[in-house]
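# Chains, contacts and geometry: an overview
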Amino acid sequence: MLSIKAGQKILSRLEDMCDGDISPDKINSFALDEIQSIGTSSAKAGYIKGLTEAVISGVLNFDKLEQLSDKDVIKELTKLRGIGEWTAHMYLIFVLNRMDVLPTTDVAFLQVYSWLYKTGDYSKQSIIKKCQKWKPYSSIATRYFYRILDSGLTKEEFHLFK
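Because the structure is a prediction, the values reported are computed rather than measured. (Residues numbered from 1 in each chain as written. Predicted model: local features only at pLDDT ≥ 70, side-chain atom pairs only at ≥ 80, totals over all residues. Heavy atoms only, no water.)

With 29 residues, the main nonpolar core has L77, F109 and W134 as its most contacted residues. Residue assignment for this core shows that the elements contributing at least two residues are α6 (70-77), α7 (85-94), α8 (107-117), α9 (124-131) and α10 (138-150). Top contributing element to this core by residue count: α8, with seven residues. Those residues in contact with L77, other than ones at most four positions away along the chain, are L60, L65, I83, A88 and Y91. (Core = buried A, V, L, I, M, F, W, Y, C linked by side-chain atoms within 4.5 Å. Buried < 20%, exposed > 50% of the residue type's maximum accessible area, 1.4 Å probe, protein only. Helix = DSSP H or I, 4+ residues; strand = E, 2+ residues; numbered from the N terminus. Contact = heavy atoms within 4.5 Å.)

Here it is as structure tokens:
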């Protein structure tokens, strides 16, 4: 996992390396060690190359993803090496702007969930049950969770059921 600050630094280096034009063709022109030089691990550099090749070859079509159900988007994205459920959930929430995604494996989400509900039960079933009332707007609640964490509210004691 990367901090936001580290991620921004890596993105900035990638923008510099691409002369401000980040595109699949541009990234594909770099060797793995060049991609790694911006601050990624060798595994992540390989995932970036693989993703780039999938886009160029048409195996991954972002326009097609917009037309698919959430479940099918997750299925398509996780076929690619280096992309898991977490990445697929973040893509659904922040890129496709889907309204009902519950990222049950996201550490930031779970931190606020634990703080809000005073629980250490992170089982998917328990989270889905407790958050059922958010449907069909789970992504909106999730975005509020991220805002709560970013603002530092979880450092203060909170009682939901006072």
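After that view of the structure, there is still more to cover.
Attention shifts here to the packing of aromatic side chains. The final tally for this structure, using the stated rule, is seven aromatic pairs. Here W134 and F145 contribute two aromatic rings whose centre-to-centre distance is 5.2 Å and whose plane-to-plane angle is 75 degrees, an arrangement assigned as edge-to-face. One end of the pair, W134, is in the loop between α9 and α10; the other, F145, is in helix α10, with eleven residues separating them in the sequence. Of the two residues examined, W134 and F145, each falls in the buried class. An aromatic cluster is built from F109, Y113, Y117, W134 and F145, whose rings are joined through pairwise contacts. (Phe/Tyr/Trp six-rings, centres within 6.5 Å; stacked < 30°, edge-to-face > 60°.)

Okay, the pattern of salt bridges next. One pass over the structure, following the stated rule, counts six salt bridges. In this structure, K118 and E157 form a salt bridge, with 3.7 Å as the shortest nitrogen-oxygen distance. Linking K118 in the loop between α8 and α9 with E157 in the segment after α10, this pair joins segments that are 39 residues apart in sequence. Overall, K118 belongs to the partly exposed group, its relative accessible area being 43%. (Salt bridge = Lys/Arg side-chain N within 4 Å of Asp/Glu carboxyl O.)

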